[in-house]
There are 2 protein chains.
Amino acid sequence: MTRVLVVDDEPSILRALRINLTAREYDVSTAIDGTTGLAAVARDRPDVLILDLGLPDMDGTEVIHGVRGWTSIPIIVLSAWGQEGQKVAALDAGADDYVTKPFGMDELLARLRAAVRRASPAPDEPVVTTPDFTVDLAAKQVMRTGGDDVRLTPTEWQLLEILVRNSGRLVTQRQLLREVWGPAYETESNYLRVYLAQLRRKLEPEPSRPKYLLTESGMGYRFRP
Amino acid sequence: MTRVLVVDDEPSILRALRINLTAREYDVSTAIDGTTGLAAVARDRPDVLILDLGLPDMDGTEVIHGVRGWTSIPIIVLSAWGQEGQKVAALDAGADDYVTKPFGMDELLARLRAAVRRASPAPDEPVVTTPDFTVDLAAKQVMRTGGDDVRLTPTEWQLLEILVRNSGRLVTQRQLLREVWGPAYETESNYLRVYLAQLRRKLEPEPSRPKYLLTESGMGYRFRP
DNA sequence: GCTGGTCGTTAAGGATTCATAAAGATCGTT
DNA sequence: AACGATCTTTATGAATCCTTAACGACCAGC
């Protein structure tokens, strides 16, 4: 289920979007200003952000910069008629698309679908296999070679997914912390140690001598296929 | 924040660009001739280069060749009216775009945005290969020819990365020390000796007779691909 | 041949980072 | 209310890395 965060200060628009998007099987959350919006992005990690440019507390482009600083989720901007300059600035700041108010719900839905589609470029290899286990990115499933599947908690899965998607590449601790826990946790590197240990216990044949989930001291972690 | 380096010998133009670009949230640095311009590119590694063709000390195309020898950052050329030949030569040499003086700030800004956008999806992080080992900048991985990968510590990696990114050209001790240890360590050249020795021990087939990590006595070091 | 400077090599400590276990905190479910 | 699962936090010893110093080799100039 696609999760959408709507940031707008007009209750009527929030209400209209919530009703329409929920009816279309989107999972909707809302925020009424830039500050709570930024916090909500970090906390809820939505799949798409719909952002009104005319917020009471901060400029729309500031919000975009704040989001773009650490994630690349699609951002669709809502701009009032006549705010052409703001619109361009928003696109420059990193927004993906814009809709001018007042807008038809059909148009917004179309752009929403397009944004989501663009954002998830079908990974060319949704299944990664090693001699000891198999990771199915699409099905969110891990199976040990032999048949029984491994139960992973949500956090464990997020971590594994990032490492597997960057197969062979070193992933910085900052990046892992930012993408799993949010930008406020960039220094909590002990989280990584705890969860890497759990993943190793569940996946590695010899957890204290990892073959797949490798540590590069001082730099980050790497999944070796 | 996008970093722009402006190389021009006319103070009025430097001033105008600095004001306008800074106001648009660009991080601006400047140089007044080709020599310092080339040094600034190597040192600051800007995201875009704005280069006047009519420099006092060297021909514009020479500057472009000097830059293109080792990086593919976008180059926007400024040419005085009537210098059609120079303009073509500049594009041949590898410039990305040109603006004819006198120019409107809006036009320059538009071309700047376009250049940055074109460049961003193609991060220039190549794979450098030698007969004995391979350095993958993106994956932060070094593999010896034969299969086994080499473990580098963070400091070793930083050093190697700078040398490889400046493949073939001499990198000053000052520059290496500044970029790895910070400006306060610019004179601690023994650090370099220690770490170069370690890198050679890990990478060179004959560490005491280096083929790739060369010392230029009194000057600095050079990576020969 | 002596001398001062630069470079290569090595090794020991102290500092940082890591692995691991285990105890609280939180949340939803029964 | 109690439970189980998950997430957070803390503590400890082990592993790794960085810094620093010492010593010898090499080269240029005197």
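For the structure itself, consult the block above.
The residue numbers shown here count from 1 along each chain, following its written sequence. For this description, chains carry letters from A and ligands carry numbers from 1, given in the order in which they are written. The predicted nature of this model means local features are confined to residues of pLDDT at least 70 and side-chain atom pairs, given and counted, to a pLDDT of 80 or more, with totals for whole chains, interfaces and linings taken over all residues. Each side-chain value is worked out from all heavy atoms of the structure, with water and hydrogens disregarded.

Draft legend 1. Representation of the packing of helix α7 (residues 173-181) of chain B against helix α8 (residues 189-203) of chain B in the model. All names here are of chain B. Where α7 contacts α8, the axes come no closer than 10 Å and their chain directions differ by 80 degrees. When the axis of α7 is compared with that of α8, the two are roughly perpendicular. Residues Gln173, Leu176, Leu177 and Trp181 of α7 lie in contact with α8, whose contacting residues are Ser189, Tyr191, Leu192 and Tyr195. Considered class by class, the residues forming the contact of α7 with α8 number six nonpolar, two polar and no charged. Note on method: axes are straight lines fitted to C-alpha atoms, helices fitted across the in-contact stretch only, with angles between N-to-C directions ranging 0 to 180 degrees. The secondary structure listing takes helices from DSSP runs of H or I that are at least 4 residues long and strands from runs of E that are at least 2 residues long, numbered from the N terminus. Here roughly perpendicular refers to angles of 65 to 115 degrees, roughly parallel to angles under 35, roughly antiparallel to angles over 145, and oblique to all remaining angles. Only heavy atoms enter the contact rule, under which two residues are in contact if any of them lie within 4.5 Å. Classes in brief: Ala, Val, Leu, Ile, Met, Phe, Trp, Tyr, Cys and Pro nonpolar; Asp, Glu, Lys and Arg charged; the others, Gly included, polar.

Draft legend 2. Region of the structure containing the protein's contact with DNA strand C. Arg200(A), Thr215(A), Arg200(B), Thr215(B) and Gly218(B) are the nearest of the 19 residues found near DNA strand C. Put simply, a residue is near a molecule or strand once any heavy atom of it comes within 4 Å of that molecule or strand. The sugar-phosphate portion of DNA strand C accounts for 65% of its atoms within 4 Å of the protein, the bases making up the rest. Polar contact criterion, stated in full: a pair of N or O atoms within 3.5 Å, where within protein one must be able to donate a hydrogen and the other to accept it, and residues adjacent in sequence count only if both atoms are side-chain atoms. Tyr221(A) has a polar side-chain atom sitting 3.1 Å from a phosphate oxygen of DNA strand C. The dominant element in the surface near DNA strand C, judged by the number of residues it contributes, is α8(B), at four residues.

Draft legend 3. Summary view of the protein's contact with DNA strand D. Lining the immediate surroundings of DNA strand D are 18 residues, of which Thr153(A), Thr155(A), Tyr191(A), Thr155(B) and Tyr191(B) lie closest. Restricting attention to atoms of DNA strand D within 4 Å of the protein, one finds that 81% of them are sugar or phosphate atoms. Here a phosphate oxygen of DNA strand D sits 2.3 Å away from a polar atom, N or O, in the side chain of Thr155(B). Measuring from a sugar or linking oxygen of DNA strand D, one finds a side-chain N or O atom of Tyr195(B) at 3.3 Å. When contributions to the surface near DNA strand D are tallied by element, the ones reaching two or more residues are α6 (154-165) and α8 (189-203) of chain A together with α6 (154-165) and α8 of chain B.

Draft legend 4. Geometry of a negative patch on the surface. Where like charges cluster on the molecular surface, the negative patch consists of Asp57(A), Asp59(A), Glu62(A) and Glu25(B). Among the secondary structure elements, Glu25(B) is positioned in the loop between α1 (11-23) and β2 (27-31). Surface patches are defined over residues having more than 30% relative accessible area and no salt bridge, joining like charges when they lie within 9 Å and nonpolar side chains (Val, Leu, Ile, Met, Phe, Trp, Tyr) when within 5 Å. Accessibility throughout is a Shrake-Rupley quantity obtained with a 1.4 Å probe, and a residue counts as covered only by protein chains that appear here. Take a side-chain nitrogen of Lys or Arg and a carboxyl oxygen of Asp or Glu: if they are within 4 Å of each other, that pair is a salt bridge. Only four residue types enter the charge count, namely Lys and Arg as positive and Asp and Glu as negative; His and the chain termini do not. Taken as the charge location is NZ of Lys, CZ of Arg, CG of Asp or CD of Glu.

Draft legend 5. Molecular detail of the pairing of strand β4 (residues 75-80) of chain B. All names here are of chain B. Across the six residues that make up β4, a large majority, five, are buried. Relative to β4, strand β3 (residues 48-52) is paired through four bridges, and the arrangement is parallel. Considered in β4, the bridge of Leu51 is made with Val77. For the exposure calls, accessible area comes from a 1.4 Å probe over protein chains only, and a residue counts as buried if that area is under 20% of its type's maximum, exposed if over 50%, partly exposed in between. Being paired, for any two strands, means DSSP has found at least two bridges between them.

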